[in-house]
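Chain by chain, the residues run as shown.
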Amino acid sequence: MAISLLQTKLKEPKRSKMDQFYEDVITGLRSTPKRLNSKYFYDANGDKLFQELMACPEYYPTKCELEIFSEKTADICEAMMADGSSFNLIELGAGDATKSAYLLKYLLEQKADFTYLPIDISENVISYLNITLPVTLPGLKMKGLNGEYFDMLEKASAASDKRKVVLFLGSNIGNMSTDVAIAFCRELRAHLSEGDMLLIGMDLKKNPKTVLAAYNDRGGITKRFNLNLLERINRELGGNFDTSKFEHYPTYDPETGACKSYLVSIEDQIITIGKEKVRFLKDEYIYMEISQKFTVLQTEQMATNTGFRPVDLFFDSKKWFVDAIWIAE
């Protein structure tokens, strides 16, 4: 008797994170052009390198957004608490929660009725937050969720029907091409109810030299951050990348606002990853990531085109960065 497609799917074992990592790496390196998914930057070493990057002189986005959160904390939180109802504060890609900690502290001081649900792809990050935040912020109700954004957002929604306030900070939306970012926002809107709120951070267009320097710092931290993904493939997937045979190459196009990073092979070489072999020609590149920059008008157009209503904008003093409040319509 034939087995239905649904029954077949139910019987298929769920892929482990390591299997998915391997599949994504091989698929990406067999693509034309070759590419790797930037979400895999963030293992324990990648997290550490990103912390170093945020502290380096040229990397301005974190400093700009920290200024917004430290100086406009009350205004942002008052918008969140506007209707007085209890809510779940859900942060996509929480990292070390340095920026959101300003909001958490203020909300606790105002005795707001909320639960903090940080979501991150990095197990290391969620473990860190689960241990440290209850100590540094006594009384905080929280539950860290380790996994993909929408999987964990569904889990959070299923656990509670409270109003949702979603944080998507650090210009993480800029780690997608414009088309993908629009699709992402539409998908995010589909996971929200009317009246739910999104606070989204976006890096704005500025002097091209300022942008490019942030992704090509003199200390070489961005280079090591990118090369660490090749080292992670070696560590976890049995790869044999020689990182000395790849150069880091960033570009910025001020017209489109796309800042892209590549790793370029400096010679013909064959890489082994598990049972697979991948050939590189001299000067062939791997597309690693994009850091998209926006105009204010583009941020508002993105909101209205994806089911949100733009409500407010919070800028740093240089107007290099914006945190926008959108309401789900």
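It should be noted that the structure appears before, not after, this text.
These figures come from a predicted structure and were not determined experimentally.

1. Comments concerning the packing of aromatic side chains
Two measures describe an aromatic ring pair: the distance that separates the ring centres and the angle between the ring planes.
Line of reasoning, step 1. As enumerated under the stated definition, the model contains 20 aromatic pairs in all.
Line of reasoning, step 2. Grouping aromatic residues by their ring pairs yields a cluster made of Phe41, Tyr42, Phe50, Tyr59, Tyr215 and Phe225.
Line of reasoning, step 3. The positively charged end of Lys34 is found above the aromatic ring belonging to Phe280, 5.0 Å away from the centroid.
Line of reasoning, step 4. Taking the ring centre of Phe315 as reference, the NZ or CZ of Lys319 above it sits at 4.9 Å.

2. Let's talk about the pairing of strand S11 (residues 285-292)
Line of reasoning, step 1. Within S11, seven of the eight residues are buried, leaving the element largely enclosed by the surrounding structure.
Line of reasoning, step 2. Two elements, strand S1 (residues 34-35) and S11, share two bridges in a ladder whose sense is parallel. By the bridge assignment for S11, Arg35 is matched with Tyr287.
Line of reasoning, step 3. In this structure, strand S8 (residues 258-265) lies alongside S11, joined through seven bridges in antiparallel fashion.

3. What about the layout of surface pockets?
One way to see where empty space is left: roll a probe the size of a water molecule over the atoms.
Line of reasoning, step 1. Of the volumes computed, that of the second largest pocket is approximately 640 Å³.
Line of reasoning, step 2. Surrounding the second largest pocket, 23 residues form its lining, Ser16, Lys17, Met18, Ile121 and Glu148 being those nearest its centre.
Line of reasoning, step 3. Going through the elements one at a time, helix H2 (17-29), helix H7 (123-136), helix H8 (149-159) and helix H11 (221-237) are the ones with two or more residues in the lining of the second largest pocket.
Line of reasoning, step 4. Classifying every residue of the lining of the second largest pocket by side-chain character gives seven nonpolar, six polar and 10 charged.

4. Re the nonpolar core
Line of reasoning, step 1. Core analysis: the largest hydrophobic core is formed by 68 residues, its most contacted members being Met80, Leu89 and Tyr116.
Line of reasoning, step 2. Take this core: its biggest share by element is seven residues, from H11.
Line of reasoning, step 3. Apart from the residues lying within four places of it in its own chain, the contact partners of Leu89 are Met80, Leu104, Leu107, Phe114, Thr115, Tyr116, Leu117, Val165 and Leu167.
Line of reasoning, step 4. Ranked by size, the runner-up nonpolar core spans 31 residues in total, among them Phe168, Leu188, Met202 and Phe294.

The rules behind the values
Residues numbered from 1 in each chain as written. Predicted model: local features only at pLDDT ≥ 70, side-chain atom pairs only at ≥ 80, totals over all residues. Heavy atoms only, no water. Phe/Tyr/Trp six-rings, centres within 6.5 Å; stacked < 30°, edge-to-face > 60°. Lys NZ or Arg CZ within 6 Å of the ring centre and 35° of its normal. Buried < 20%, exposed > 50% of the residue type's maximum accessible area, 1.4 Å probe, protein only. Helix = DSSP H or I, 4+ residues; strand = E, 2+ residues; numbered from the N terminus. Pairing = 2+ DSSP bridges. 1 Å grid on protein atoms, 1.4 Å probe; cavity = no way out; pocket = protein on both sides within 12 Å on 5 of 7 lines; lining within 4 Å. Points joined across faces, edges and corners; volume = space filled by probe spheres on them. Nonpolar A, V, L, I, M, F, W, Y, C, P; charged D, E, K, R; others polar. Core = buried A, V, L, I, M, F, W, Y, C linked by side-chain atoms within 4.5 Å. Contact = heavy atoms within 4.5 Å.

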